[in-house]
Amino acid sequence: MALSKPPLLVPSNSWVLRGKKVIECRRNYPLIGRKKENLVGVHFVGCKGMLRLKVSASSGEGEEAESGYIEEFSWSNVILPFIFPALGGLLFGYDIGATSGATIALQSPELSGMTWYNLSAVQLGLVVSGSLYGALIGSILAYPFADFLGRRRELIIAAILYLAGGSLTACAPGLGALLLGRLVYGLGIGLAMHGAPLYIAETCPSQIRGTLISLKELAIVLGILLGYFVGGYEIDVIGGWRYMFGFSAPIALLMGFGMWTLPPSPRWLLLRAIQGKGPLQEYKEKAIGALSKLRGRPAGDKVSEKQIEDTIISLKTAYTDEEAEGNFLEVLQGPSLKAFTIGGGLVLFQQITGQPSVLYYAGSILQSAGFSAAADAARVSVVIGIFKSLMTAVAVLKADDLGRRPLLIGGVSGIALSLFLLSAYYKFLGSYPFVAVSALLLYVGCYQISFGPISWLMVSEIFPLRTRGKGISLAVLTNFGSNAIVTFAFSPLKELLGAENLFLLFGVIALLSLVFVVTSVPETKGLTLEEIESKILK
């Protein structure tokens, strides 16, 4: 096929067919859904604003082309649509870190600053887990309402719930108000952990999607660290627990204001149009305007218009002769079931390999290694938090470079090894405390380069657009539900099995999760969301 324009040379590693050939690139050529064809004209044509692969047919057997966008973008323009949703993750992590210090101050006659400090074990447990149960309810509510609300409005509502929950908790006159505040804050967590990965995945350029969604996990870890620091600073202040909980309110206010200034997700707007919720042309114009604003381009620019047109073609191809909205249980059928098996399986194994329990047990592990004083334990907790941040940064840097599968396979292998080392420590290596500390750090590091960020990255990108809102809601529900079960079952299982056998059990589950990753989890690096839907799920 003759070319109408002279070629513009680009680096030969920009696009490669199965590691063999650089292929021709040209605008206005939808590749999604194409069958196997011979590839000719192995060079590039310049494309303003983006590059898209082009194939041309000839006789004989051919190879299937890998496709995708190389989109021009500025980090200064994509960072705000990431930061404000990511604050939802930071506030989730902050709650974890701040609660650890607040529960100590709550029970202190001298530091609580109230008369109802003498909490029972059940009451204290409700204070600690109140936000978790709120998150469970929030993820359930997201299932039927997320696609109606849209990603942006969902995150604004999450910010309002964060603000209300944090403020009510900080000003609570009694235990009832405190528990209500924790529940409301948890509702914000459930909506934020659902809406944030959706908004980021649907609005960012595909070539940095892995980096940005992994950065959201880093925001959670930094939130935990921030909670530790605020807790440590306010721990000696009378009524300091109120400041620990209340510090989240101004951050929530910033999140809500920031989301208010951002446009809706262009893909969500197009989904509503395909679902027949309004005129296609009207939603198309809104989507073009939203994408132009997200990329810092002039309103209605041609590059954004072309990208939206290509997305519409992809959606119409995917949903030909089908109801775009689907039915209530469609997320458990066909391609969506395959996506849920992958995404739900990852977030399930993320929890049942012992992540809540290992961190819960970290204190006793450190005490056995000689860090017995409370001040020492607090300092080591901060060190572990910093280590978690550094290892998450590795995943951020490598998610779009190495890919998802290598990080998962390597990290889960390390998780299994660390759990077997912990079992061996409690069984017959008790005189070597460095084994326990090394195993703990190995677990934390491997979790932060694999299950921690990559599970949520895969969840945010693997579902078809039509069921993405419902699918991620089920994945979030699976995550928080399994977290609650593992946290609840840890103490009874430890008494029944002993620490050595409990960690051995977690190690066996980690090996099963490694088999699941190797056999069932695909590589999505470099693919647009539409290409994941057409290539992997169908």
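Structural data are supplied above this passage.
Figured I'd write up the structure that's included with this text. (Residues numbered from 1 in each chain as written. Predicted model: local features only at pLDDT ≥ 70, side-chain atom pairs only at ≥ 80, totals over all residues. Heavy atoms only, no water.)

**Examining the overall build of the chain**
At step 1: Scanning the chain for helices and strands turns up 21 helices and two strands.
At step 2: A burial count over the chain gives 57% of its 538 residues as buried.
At step 3: Contacts in the chain between residues at least 24 apart in sequence constitute 79% of all its contacts with a sequence separation of at least 6.
At step 4: Counting only carbon and sulfur atoms, one obtains 66% of the accessible surface of the chain, whose full area is about 21,800 Å². (Helix = DSSP H or I, 4+ residues; strand = E, 2+ residues; numbered from the N terminus. Buried < 20%, exposed > 50% of the residue type's maximum accessible area, 1.4 Å probe, protein only. Contact = heavy atoms within 4.5 Å. Areas by Shrake-Rupley, 256 points an atom, 1.4 Å probe, with all protein chains shown as cover.)

**Concerning the packing of aromatic side chains**
At step 1: On inspection of all chains with the given rule, the structure shows nine aromatic pairs.
At step 2: Relative to F516, the ring of F349 has its centre 5.5 Å away and its plane inclined at 45 degrees; by these criteria the two rings are tilted. Placement of F349 in helix α12 (residues 334-352) and of F516 in helix α20 (residues 499-520) is noted, with a sequence separation of 167 residues between them.
At step 3: Assessed through its relative accessible area of 15%, F349 is described here as buried. (Phe/Tyr/Trp six-rings, centres within 6.5 Å; stacked < 30°, edge-to-face > 60°.)

**Observations regarding α20**
At step 1: Taking 1.5 Å per residue, 22 residues should reach 32 Å; α20 reaches 31 Å between its end C-alpha atoms and fits that length.
At step 2: Every buried residue of α20 is listed here: A499, L502, F503, F506, G507, I509, A510, S513, L514, F516 and V517. (Expected span 1.5 Å × (residues − 1).)

**Side note on the environment of T353**
At step 1: Here T353 lies in the loop between α12 and α13 (355-360).
At step 2: Under the relative-accessibility criterion, T353 is labelled buried at 0%.
At step 3: Through-space distance from the C-alpha of T353 to that of F503 is 9.1 Å; in sequence the pair is 150 residues apart.
At step 4: Among residues more than four places away in sequence, those in contact with T353 are L419, Y443, F451, F506, I509, A510 and S513.
At step 5: Among the polar contacts made by the side chain of T353, one reaches the main-chain carbonyl oxygen of F349 at a distance of 2.7 Å. (Polar contact = N/O pair within 3.5 Å; in protein donor to acceptor, adjacent residues only side chain to side chain.)

**A look at a nonpolar patch on the surface**
At step 1: Residues Y133, I137, L141, F145, L168, L180 and L183 make up a contiguous nonpolar surface patch of roughly 590 Å² in combined accessible area.
At step 2: Looking at the nonpolar patch, the elements with two or more residues in it are α3 (121-149) and α5 (175-203).
At step 3: Sorting elements by how many residues they give to the nonpolar patch places α3 first, with four residues. (Patch = residues over 30% accessible without salt bridge, like charges linked within 9 Å, V, L, I, M, F, W, Y side chains within 5 Å. Salt bridge = Lys/Arg side-chain N within 4 Å of Asp/Glu carboxyl O.)

**Re the packing of helix α16 (residues 404-427) against helix α17 (residues 433-449)**
At step 1: α17 packs onto α16 with a crossing angle of 155 degrees between their chain directions and a minimal axis gap of 8 Å. Considering the angle they form, α16 stands roughly antiparallel to α17. Considering the relative orientation of α16 and α17, their crossing is left-handed. From α16, L407, G411, G414, I415, L417, S418, L419, L421, L422 and Y425 reach across to α17, where they touch P433, V435, A436, A439, L442, Y443, C446, Y447 and I449.
At step 2: Of the residues that constitute the contact of α16 with α17, the class distribution is 16 nonpolar, three polar and no charged. (Axes fitted to C-alpha atoms, helices over the stretch in contact; angles between N-to-C directions. Parallel < 35°, antiparallel > 145°, perpendicular 65-115°, else oblique. Left-handed = near helix turned anticlockwise from the far one by under 90°. Nonpolar A, V, L, I, M, F, W, Y, C, P; charged D, E, K, R; others polar.)

**Structural notes on the pattern of salt bridges**
At step 1: Enumeration over the complete set of coordinates arrives at nine salt bridges.
At step 2: A salt bridge links D95 to R182, with the nearest nitrogen and oxygen atoms 2.5 Å apart. Taken together, the positions of D95 in helix α2 (residues 80-106) and R182 in helix α5 put the pair 87 residues apart, joining distant regions of the chain.
At step 3: Overall, the relative accessible area of 6% leaves D95 in the buried class.
At step 4: Between D401 and K398 there is a salt bridge, with its nearest N and O atoms 3.4 Å apart.
At step 5: Residue D401 is classed as partly exposed on the basis of its relative accessible area of 41%.
At step 6: A relative accessible area of 32% means that K398 is categorised as partly exposed.
At step 7: Here the residues in one salt-bridge network are R151, E202 and R468, joined through shared partners.

**Here's the deal with the nonpolar core**
At step 1: Counting residues in each nonpolar core, the largest one holds 96 residues, and the members touching the most others are Y162, L346 and F480.
At step 2: Counting residues per element, this core draws most heavily on α5, which supplies 12 residues.
At step 3: Setting aside residues up to four positions removed in sequence, L346 forms contacts with L408, F451, S455, M458, F516, V517 and V521. (Core = buried A, V, L, I, M, F, W, Y, C linked by side-chain atoms within 4.5 Å.)

**Here we look at α5**
At step 1: Taking 1.5 Å as the rise per residue, α5 with 29 residues should run 42 Å; its terminal C-alpha atoms sit 41 Å apart, in good agreement.
At step 2: Counting buried positions along α5 yields 25 of 29 residues, so the element is predominantly enclosed.

**Brief notes about the packing of α3 against α5**
At step 1: Here α3 crosses α5 at 40 degrees, and the two axes come no closer than 6 Å. Looking at the two axes, α3 sits oblique to α5. Judged by the twist between their axes, the crossing of α3 over α5 is right-handed.
At step 2: A class-by-class count of the residues in the contact of α3 with α5 yields 16 nonpolar, nine polar and one charged.

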